[in-house]
Amino acid sequence: MRKPAAGHTAAPAPLTKTPLPAGRPREWYVTHNRRLKAMRLAIALLDSGVYHPATADNVRIRTTADHIGVHPPSDSTCRMVRALIRYGR
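Residues numbered from 1 in each chain as written. Predicted model: local features only at pLDDT ≥ 70, side-chain atom pairs only at ≥ 80, totals over all residues. Heavy atoms only, no water.

**Some words on the pattern of salt bridges**
At step 1: Under the defined criterion, the tally for this structure stands at 1 salt bridge.
At step 2: Note that Arg-62 is salt-bridged to Asp-75, the shortest N-O span being 2.7 Å. Within this pair, whereas Arg-62 is found in helix α2 (residues 58-68), its partner Asp-75 is found in helix α3 (residues 75-87), the two being separated by 13 residues in sequence. (Salt bridge = Lys/Arg side-chain N within 4 Å of Asp/Glu carboxyl O. Helix = DSSP H or I, 4+ residues; strand = E, 2+ residues; numbered from the N terminus.)

**Some thoughts on the packing of aromatic side chains**
At step 1: Scanning the model with the defined rule gives 1 aromatic pair in all.
At step 2: Positioned over the ring face of Trp-28 is Arg-24, at 4.5 Å from the centre of the ring. (Phe/Tyr/Trp six-rings, centres within 6.5 Å; stacked < 30°, edge-to-face > 60°. Lys NZ or Arg CZ within 6 Å of the ring centre and 35° of its normal.)

**Remarks on the layout of surface pockets**
At step 1: Estimates place the volume of the largest pocket at around 220 Å³.
At step 2: Considering the residues around the largest pocket, the lining is formed by Leu-15, Thr-16, Lys-17, Thr-18, Leu-20, His-32, Asn-33, Leu-36 and Arg-40. (1 Å grid on protein atoms, 1.4 Å probe; cavity = no way out; pocket = protein on both sides within 12 Å on 5 of 7 lines; lining within 4 Å. Points joined across faces, edges and corners; volume = space filled by probe spheres on them.)

**What about α2?**
At step 1: Within α2, burial applies to Ile-61, Thr-64 and Ala-65. Looking down the long axis of α2, one finds its buried residues gathered within 105° of arc, a one-sided arrangement. Across α2 from its buried face, at more than 90 degrees, point the exposed residues Val-59, Thr-63, Asp-66 and His-67.
At step 2: Check the buried side of α2 and you find it contacts α1 (26-47) and α3. (Buried < 20%, exposed > 50% of the residue type's maximum accessible area, 1.4 Å probe, protein only. Arc of directions from axis to C-beta. Contact = heavy atoms within 4.5 Å.)

Following this line, the structure appears as structure tokens:
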């Protein structure tokens, strides 16, 4: 195994996806996927410099969703994104 060049680090390997457990109610899957989407959006907003929930309005969150290639979030997901930004501080 070669060492990375000075000043360069190797990118971490992506995590392998595992299937979701079967037999749960549909609402569990909907909530689970909503949380995943909210986390992706919160990370993208934090990376773009949005550190306060007050500056993350629905328009900005939906623009970020379009930018990173996910479907526009619902109002519930937008609230969840703001909550993640708020409590992540």
